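# Close look at the chain arrangement
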Amino acid sequence: MRHIHKVGNLNNFDFVGVKRAVYISENAPSFKRLGSRLSPIPFPPCAYLPFRSDSYWECFTRHYSVSIFHYSGTTAMGPRDSPFSVVDSEQRLRVIDTGIMPTVVTVNTNGPTIMIGERGADFILDTWKNYIKQKYFYNNFKS
């Protein structure tokens, strides 16, 4: 949860979610049983700010935030005349990853990524099948 207040060109955040997560990690019985605690050592890029202040959490979040999501849907497949597709049905641009998904799946992308890789490999093999046969025949059966 965050509340954004416009301040000039910058956003000033109240880090309610970060503070709540820290509170839970320090006070929940399950974490207490494990001896969980927030390190008292400030995050180096933010060490100049008062520890645990809003400005500290803003600095920390801007430097340390990572995505837990698997990027996909960035190079969608579609008809040649579609303004939204980058990869067409003739596979002239080979993108063999989750980027070709027109919509992002709501589960882990591992299974669909394997399927896309297998199908992409089939497309490539089909495209080069005649070339491979000709090259093999030429190299092994020339007179």
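Details of the structure are given in the entry above.
What you see is a predicted model, and the numbers here were worked out from it, not measured in a lab. (Residues numbered from 1 in each chain as written. Predicted model: local features only at pLDDT ≥ 70, side-chain atom pairs only at ≥ 80, totals over all residues. Heavy atoms only, no water.)

### So, the overall build of the protein chain
A tally of regular secondary structure across the protein chain gives 4 helices and 2 strands. Sequence-ordered secondary structure for the protein chain, helices as α and strands as β, is β-β-α-α-α-α. Split into buried and exposed, the 143 residues of the protein chain put 20% on the buried side. Taking contacts inside the protein chain between residues at least 6 apart in sequence as the whole, the part at least 24 apart equals 34%. On the protein chain, roughly 11400 Å² of surface is accessible, and the fraction owed to carbon and sulfur atoms is 60%. (Helix = DSSP H or I, 4+ residues; strand = E, 2+ residues; numbered from the N terminus. Buried < 20%, exposed > 50% of the residue type's maximum accessible area, 1.4 Å probe, protein only. Contact = heavy atoms within 4.5 Å. Areas by Shrake-Rupley, 256 points an atom, 1.4 Å probe, with all protein chains shown as cover.)

### Quick notes on a nonpolar patch on the surface
Side chains of Tyr-23, Ile-24, Phe-31 and Leu-34 sit close together on the surface and give an oily, nonpolar patch of about 450 Å² of accessible area. Listing elements by their share of the nonpolar patch, those giving two or more residues are helix 1 (16-27) and helix 2 (29-34). Within the secondary structure layout, Tyr-23 lies in helix 1. (Patch = residues over 30% accessible without salt bridge, like charges linked within 9 Å, V, L, I, M, F, W, Y side chains within 5 Å. Salt bridge = Lys/Arg side-chain N within 4 Å of Asp/Glu carboxyl O.)

### Looking at the state of the cysteines
Covalently bonding the sulfur atom of one cysteine to the sulfur atom of another cysteine gives a disulfide. Per the counting criterion, the structure on display carries 1 disulfide. Each sulfur in the disulfide pair Cys-46 and Cys-59 lies 2.1 Å from the other. The chirality of the disulfide connecting Cys-46 with Cys-59 is left-handed, given an S-S dihedral of about -85 degrees. With Cys-46 in the loop between helix 2 and helix 3 (54-64) and Cys-59 in helix 3, this pair connects stretches of sequence that are 13 residues apart. Residue Cys-46 shares its accessibility class with Cys-59, and that shared class is buried. (Disulfide = S-S within 2.5 Å.)

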